[in-house]
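Residue-level listing of the chains:
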Amino acid sequence: MKICVLVKEVPDAAVEKRIDPSTGRMDRSGERNLNPYDTHAIEAAMQIREGGAVAVDEIVAVTMGPTTATRALQKAVSLGADRSLHLSDDALAGSDVSATGYALSKALAKESPDLVLLGQQSDDGECYTIGAVVADHLQMPSLTQVIKMDVRDQSPPTLTCERQAEYGYDTVEITLPAVISVGDAINEPRYPSLKAIMGAKKKPLETLAAADVGIDTAMVGGEGSRVQCGEFHDPPAKSAGQIIEDEDTDETVEKIVAWLDERKLI
């Protein structure tokens, strides 16, 4: 079995998210890291391999992004992936979810995976839908919010998945190949060892351009996207709050009560 794990480079959690008004896209100039939700997908792939129910020949980390995204791929490899594939091309810049899903599906088709795993969402866009778009292009069944997976070695292999839903939980049996978006409740991702971190840079990393996987450039990038960004602006600044110094407790209480009464809060 071959497992491909979709990963993404996102702004670091400590970086304030902002829109670049000149492009209408997220400003990604600050510190970036591997999308934390995707670490659960990598861990799920590792647990399938270590479970031994089926033989996993390789785990491939796949991303689409600028040249800096190689750092996210190296992190994915340090967590257990055997090699990585980087889809990078200026023509892909500005792609929306639909265009990104199409492009990723072309890269995945080259790999012919038995199972595609990804996190439930990205830490920046939080759209939750990229797995479904990829599955549609690959003509594979898809499940989202999966929190438990049991694989059975039969022909073809099947997965019994438990997924979270608005009304409770579903148990679904799905035949591979398939695209599975895992929830963050599925596992606790492991920490990479120092040896794995140092060795990640030596693992195979293949960089592909749009033409290498047969992407129609008219369907990607800003021009090929179905979503067009409008005008973005920062929310209005909040007025400064009123600070009451407690020099005289009785007077302080009177001021607070008067402030609440003025706003009909009491």
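Let me begin by describing the structure that accompanies this report. As the structure is a computational prediction, the values presented were derived from the model and not from experiment.

So, about the environment of Ser98. Positionally, Ser98 belongs in helix H3 (residues 97–111). For Ser98, a relative accessible area of 24% puts it in the partly exposed group. Taking C-alpha positions, Ser98 is 26 Å from Ala81, a pair spaced 17 residues apart along the chain. Apart from the residues within four sequence positions on either side, Ser98 is in contact with Val133, His137 and Arg226.

Here we take up the sheet that holds strand E9 (residues 142–152). Strand order in this open sheet of nine strands is E11-E10-E9-E12-E8-E1-E6-E7-E13, and the pairing throughout is mixed. Each edge of the open sheet carries a strand with a single partner, namely strand E11 (168–175) and strand E13 (205–208). Across the sheet, the axes of successive neighbouring strands diverge by a mean angle of 30°, strand direction being ignored. Here E9 pairs with strand E10 (residues 158–165) via six bridges, running antiparallel. Directly across from Lys148, in E10, lies its bridge partner Glu162.

Another aspect to go through is the layout of surface pockets. In this structure, the second largest pocket encloses a volume near 310 Å³. What lines the second largest pocket is a set of 17 residues, and nearest its centre among them are Pro36, Thr39, Lys75, Pro189 and Tyr191. Those elements that place two or more of their residues in the lining of the second largest pocket are strand E2 (9–11), strand E5 (32–34) and helix H1 (36–51).

Looking now at H3. End to end, H3 covers 21 Å across 15 residues, agreeing with the expected 21 Å (1.5 Å per residue, within 8%). Those residues of H3 that sit buried are Ala99, Thr100, Gly101, Tyr102, Ala103, Leu104, Ser105, Ala107, Leu108 and Glu111. Where H3 begins, one side-chain oxygen reaches toward the backbone nitrogen of Ser98, 3.3 Å away; that side chain belongs to Asp96. Ser112 sits one or two residues past H3 and shows a positive phi near 50°.

Let's shift gears to the pairing of strand E1 (residues 2–6). Across the five residues of E1, five count as buried, placing the element largely inside the fold. Side chains of E1 alternate between two faces, with Lys2, Cys4 and Leu6 and Ile3 and Val5 buried alike. In the sheet, E1 pairs with strand E6 (residues 58–64) via five bridges, with the strands oriented parallel. Within E6, the residue paired with Cys4 across the bridge is Val60. Judged from the four bridges that link them, E1 and strand E8 (residues 115–119) form a sheet pairing that is parallel. In the strand pairing of E8, Ile3 is matched with Leu115.

Turning next to the packing of H3 against helix H4 (residues 130–138). Packed helices, taken two at a time, are described by the angle between their axes plus the distance between the axes. Contact pair H3 / H4: the axes reach a minimum separation of 8 Å and the direction vectors enclose 50°. By the criterion of interaxial angle, the relationship of H3 to H4 is oblique. In this structure, H3 crosses over H4, and the sense of that crossing is right-handed. On H4, the residues that touch Val97, Ser98, Thr100, Gly101, Tyr102, Leu104, Ser105, Leu108 and Ala109 of H3 are Ile130, Val133, Val134, His137 and Leu138.

Further remarks concern H1. With 16 residues, H1 should cover 22 Å at 1.5 Å per step; its first-to-last C-alpha distance of 23 Å lies within 8% of that length. Taken together, the buried positions of H1 are Tyr37, Asp38, Thr39, His40, Ala41, Ile42, Glu43, Ala44, Ala45, Met46 and Ile48. Downstream of H1 by one or two residues, Gly52 has phi in the positive range, about 80°.

Residues Glu245, Asp246, Glu247, Asp248, Asp250 and Glu254 make up a contiguous surface patch of negative charge. Among the structural elements, Asp246 can be located in the loop between helix H6 (221–224) and helix H7 (249–262).

Applying the stated criterion across every chain yields a total of 14 salt bridges. Between Glu58 and Lys2 there is a salt bridge whose closest N-O contact spans 3.7 Å. Remark: Lys2 occurs in strand E1 and Glu58 occurs in strand E6; sequence separation between them is 56 residues. Accessibility assignment for this pair places Glu58 and Lys2 in one class, buried. Put simply, Lys2 and Glu111 hold a salt bridge, and the shortest N to O gap is 3.0 Å. Within this pair, whereas Lys2 is found in strand E1, its partner Glu111 is found in helix H3, the two being separated by 109 residues in sequence. Across the pair, exposure class does not vary: Lys2 and Glu111 are buried alike.

Criteria and cut-off values
- Residues numbered from 1 in each chain as written.
- Predicted model: local features only at pLDDT ≥ 70, side-chain atom pairs only at ≥ 80, totals over all residues.
- Heavy atoms only, no water.
- Helix = DSSP H or I, 4+ residues; strand = E, 2+ residues; numbered from the N terminus.
- Buried < 20%, exposed > 50% of the residue type's maximum accessible area, 1.4 Å probe, protein only.
- Contact = heavy atoms within 4.5 Å.
- Pairing = 2+ DSSP bridges.
- Axes fitted to C-alpha atoms, helices over the stretch in contact; angles between N-to-C directions.
- 1 Å grid on protein atoms, 1.4 Å probe; cavity = no way out; pocket = protein on both sides within 12 Å on 5 of 7 lines; lining within 4 Å.
- Points joined across faces, edges and corners; volume = space filled by probe spheres on them.
- Expected span 1.5 Å × (residues − 1).
- Polar contact = N/O pair within 3.5 Å; in protein donor to acceptor, adjacent residues only side chain to side chain.
- Parallel < 35°, antiparallel > 145°, perpendicular 65-115°, else oblique.
- Left-handed = near helix turned anticlockwise from the far one by under 90°.
- Patch = residues over 30% accessible without salt bridge, like charges linked within 9 Å, V, L, I, M, F, W, Y side chains within 5 Å.
- Areas by Shrake-Rupley, 256 points an atom, 1.4 Å probe, with all protein chains shown as cover.
- Salt bridge = Lys/Arg side-chain N within 4 Å of Asp/Glu carboxyl O.
- Lys, Arg positive; Asp, Glu negative; His and termini not counted.
- Charge placed at Lys NZ, Arg CZ, Asp CG, Glu CD.

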